[in-house]
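Geometric and topological summary
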Amino acid sequence: MRRRKNTSVLPAILVAMILIAVAGCDQFSLYDVDKPAAPATSLNYSDNKVVILAIDGLRYSEGLGDSTHQYVSAMWNELHPAGTIYSNFRNEGPTLTMPGHAAILTGTWQSIANDGSERPGAPTLFEYYRFATGAPQQDAWIVGGKSKLSALSYSNDVSYGSSYGASVDVGHASDGETRDQLISVLQTHKPHLVLASLSYVDLKGHSAVWNDYLNQITIADTLTAAIWQYLQSDPYYAGTTYLFITSDHGRHDDAHGGFSNHGDTCEGCEHITFVGLGPDILQGTTLGAGIVRTQRDLCATVGDILGIATPLSDGSAMSEMFQPVTTGIRNEPLSP
Ligand SMILES: [Zn+2]
Ligand SMILES: [Zn+2]
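Residues numbered from 1 in each chain as written. Chains lettered and ligands numbered in written order. Predicted model: local features only at pLDDT ≥ 70, side-chain atom pairs only at ≥ 80, totals over all residues.

**Things to note about unusual backbone geometry**
In the Ramachandran plot, Lys190 falls in the positive-phi region, its phi being about 50° despite a non-glycine side chain. Locating Lys190 in the fold gives a position in the loop between α5 (175–189) and β6 (193–198). The phi dihedral of Ala208 is positive, around 70°, even though this residue is not glycine. A residue is classified by how many C-beta atoms lie within 10 Å of it, and Ala208, with 12 of them, is exposed. (Helix = DSSP H or I, 4+ residues; strand = E, 2+ residues; numbered from the N terminus. Buried ≥ 20, exposed ≤ 12 C-beta atoms within 10 Å, placed from the backbone.)

This is how it looks when you write it as structure tokens:
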């Protein structure tokens, strides 16, 4: 739309005065990507909380893609009635652990090293969150089995970085230990944003013992339901918390090497689990194959839930899994 020309001096003076007033307002520059403003000093942010729970290396065909749901019975019988499943959720970037987790956290495909020697090149949700709210480091966490996940606590983006990073609690000896540490972190620090990663489905998969891999899926499945139950039982989290269960990547389908490895663009590697749970997320809903969503979209979705901008993310919010707003009180489907 073309701007109308000013026809007298007075409107030009008024415009100049308004511009000066707006430029002096803190909010105006809060999300300025090129030159971030100083973070807010008060903790006046949304009361919504988000836990992202990644089951590392769970192939869709042994998860919710198995019509019997024999290895993920808790997800199917307990969590699906309370939430929304996407049946075509994908990692369309590098299907490795560090790039996969980084895609969720940054909303961009990240071809970073998979050994933990390289941080993401775009800001993480932790950085967006702490930058926008002024929240302390104890309000954002990574909890996981693999030690290398610590490289995802903040990015190399010079406008964000270590000043806005997450607290880290990794290197756990089992998924049960990761669950215990996650709940300890929740109880002790009451964070608003957590990425938790259950690493042992992937490690058992790499061991190439099929039954060990399957057995570990059943363990992770039980833990996901237990974590959701915990969030419902803690008054601080109940009713204000979203849990997103997904994976960093799948594993090769049988035509591309089978379950013992992963890392290419085959269907087995790219197609992953997604379950969303939370106060206004649709219950008992499956969003079908025609709705393709990727890890990048989860970043934007979490940003909307927390009421923070994710300006360098490429995804878009997954608004279709939220209850439609009809009251007019909340005009935006995802606004906190
Ligand atoms: Zn992985
Ligand atoms: Zn593959």
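Still more ground to cover, so stick around.
**A few points about the nonpolar core**
Counting residues in hydrophobic clusters, the biggest one holds 82 residues, and the most contacted among them are Leu53, Tyr129 and Leu243. Among the elements that take part in this core, helix α7 (residues 210–233) stands out by supplying seven residues, more than any other. Not counting residues within four places of it along the chain, the set of residues in contact with Leu53 comprises Ala196, Thr224, Ile227, Leu243, Phe244 and Ile245. (Core = buried A, V, L, I, M, F, W, Y, C linked by C-beta atoms within 7 Å. Contact = placed C-beta atoms within 7 Å.)

**Concerning the environment of Leu312**
Within the secondary structure, Leu312 sits in the segment after α9 (295–306). Distance in space between the C-alpha atoms of Leu312 and Pro123 is 7.3 Å, their sequence separation being 189 residues.

**Structural notes on the sheet that holds strand β3 (residues 89–90)**
Strands belonging to one sheet form pairs held by backbone hydrogen bonds; the direction of such a pair is parallel or antiparallel. Strand order in the open sheet formed by three strands is β8-β3-β11, with mixed pairing between adjacent strands. Strands with a single pairing partner mark the edges of an open sheet, and in this sheet they are β8 (271–272) and β11 (293–294). The pairing of β3 with β11 spans two bridges and is parallel. For Arg90, the partnering residue across the bridge sits in β11 and is Thr294. (Pairing = 2+ DSSP bridges.)

**Focus on the packing of helix α3 (residues 97–106) against α9**
Close contact between α3 and α9 brings their axes to 6 Å; oriented N to C, the two are set at 35°. Facing Gly100, Ala103, Ile104, Leu105 and Thr106 of α3, the residues of α9 in contact are Gln295, Arg296, Leu298 and Cys299. Within the contact of α3 with α9, the residues separate by chemical class into five nonpolar, three polar and one charged. (Axes fitted to C-alpha atoms, helices over the stretch in contact; angles between N-to-C directions. Nonpolar A, V, L, I, M, F, W, Y, C, P; charged D, E, K, R; others polar.)

**So, the sheet that holds strand β10 (residues 285–287)**
A sheet is described by the order of its strands in space; here eight strands give the open sequence β5-β4-β6-β1-β7-β9-β2-β10, paired in mixed fashion. Single-partner strands in this sheet number two, and they are β5 (167–170) and β10. Looking at each pair of strands side by side, their axes are set apart by 15° on average, direction ignored. Along the sheet, α7 makes contact with β1 (49–55), β6, β7 (241–246) and β9 (274–277), crossing β7 at roughly 170°.

**With respect to α3**
For α3, the tally of buried residues reaches ten of ten residues, placing the bulk of the element in the interior. Every buried residue belonging to α3 is among Thr97, Met98, Pro99, Gly100, His101, Ala102, Ala103, Ile104, Leu105 and Thr106, and all of these are buried. Structurally, α3 contributes buried residues whose contacts are with β1, α4 (125–133), β6, α6 (200–206) and α9. Backbone geometry just downstream of α3 places Gly107 in the positive-phi region, at approximately 70°.

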